[in-house]
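What follows is the residue order along each chain.
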Amino acid sequence: MLFIDFSSAFNTIIPQQLICKLDKLGLSTSPLQLAAGFPQPKASSGASIHLVKFADDTTLVGLITKGDETHYRKEVQLLTRWCKDNNLLLNVSKTKEIVVSFQRGHTQHHPLTIDSAAVERVSSTKFLGVHISDDLSWTTNTASLAKKAQQRLYFLRKLKQGKCSTTHHDHILQRNH
């Protein structure tokens, strides 16, 4: 899985280019006034490659069968080319890759490079607020949620111990703004 980071995705789109693409799709663009937008790429290699897209969060998921990474790496190249053609800047230093393997004895996969820069391979990353790990377990995500809950409960206990009323608390917040 390749978790792609775009640099200023919503600020780099050329509006006229987007309008031309919409026009080619047969959509009426006459009343359209755009300051910026974000067209989404499409995967081209079939069922073994999928793009998961939400706003500017894009993930390329590729199935590697019998150690053959050809389709996955080709799709990364096509995506890189598409981004260049559409004025989107890939932030390779923030792009992350996770390899999920259930085989005994992990197969070594060559490092992935984009524009001569190595993509960092990680054991887990956060995607749309959920921690995804290379073993596809919920352990990392659950631990993160528990930590957040403990932090919030700590502050609620402190407020209760200080017998801080809602009115008093609101007054302090207003004074600090």
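Up top is the structure.
Residues numbered from 1 in each chain as written. Predicted model: local features only at pLDDT ≥ 70, side-chain atom pairs only at ≥ 80, totals over all residues. Heavy atoms only, no water.

**Observations regarding the nonpolar core**
Across soluble globular proteins, nonpolar side chains show a tendency to be buried alongside one another. Residues L2, I4, L60, Y72, V76, C83 and I114 are the most contacted members of the largest nonpolar core, which totals 17 residues. Only β1 (2-4), β3 (49-54) and α2 (70-85) provide two or more residues apiece to this core. Look past the residues within four positions of V76 in its chain and what remains in contact with it is L2, L60, L112 and I114. Grouped together as the second largest cluster of nonpolar side chains are 5 residues, M1, F3, V122 and F127 included. (Core = buried A, V, L, I, M, F, W, Y, C linked by side-chain atoms within 4.5 Å. Buried < 20%, exposed > 50% of the residue type's maximum accessible area, 1.4 Å probe, protein only. Helix = DSSP H or I, 4+ residues; strand = E, 2+ residues; numbered from the N terminus. Contact = heavy atoms within 4.5 Å.)

**Considerations on the pairing of strand β10 (residues 124-127)**
The alternating pattern of β10 places T125 and F127 on a buried face and S124 and K126 on a face that is not buried. Count of turn residues in the β10/strand β11 (residues 130-133) antiparallel hairpin: 2 residues, of which L128 carries a positive phi of about 50°. (Pairing = 2+ DSSP bridges.)

**Some points on the pattern of salt bridges**
In total, this model carries 5 salt bridges according to the counting rule given. Of the charged contacts, one joins R73 and E69 as a salt bridge, the two residues approaching to 2.8 Å between their closest N and O atoms. Residue class for E69 comes out buried when judged on its relative accessible area of 10%. A salt bridge links D85 to R81; the shortest N-O distance between them is 3.3 Å. In this pair, D85 and R81 both sit in helix α2, 4 residues apart, roughly one turn of the helix. In this structure D85 comes out as partly exposed when scored by relative accessible area, which is 43%. Among the residues examined, R81 registers a relative accessible area of 47% and is labelled partly exposed. (Salt bridge = Lys/Arg side-chain N within 4 Å of Asp/Glu carboxyl O.)

**Observations regarding the layout of surface pockets**
Taken as a whole, the largest pocket spans an internal volume of roughly 430 Å³. Lining the largest pocket are 25 residues, with G62, I64, V99, V100 and S101 positioned closest to its centre. Those elements that provide at least two residues to the lining of the largest pocket are β4 (57-62) and α2. (1 Å grid on protein atoms, 1.4 Å probe; cavity = no way out; pocket = protein on both sides within 12 Å on 5 of 7 lines; lining within 4 Å. Points joined across faces, edges and corners; volume = space filled by probe spheres on them.)

**Digging into the pairing of β11**
Burial of β11 is one-sided: the residues H131 and S133 facing one way are buried, the residues V130 and I132 facing the other way are not. In this structure, β10 lies alongside β11, joined through 4 bridges in antiparallel fashion. Following the sheet pairing, S124 is matched in β11 by S133.

The values are spatial; any link to function lies outside them.
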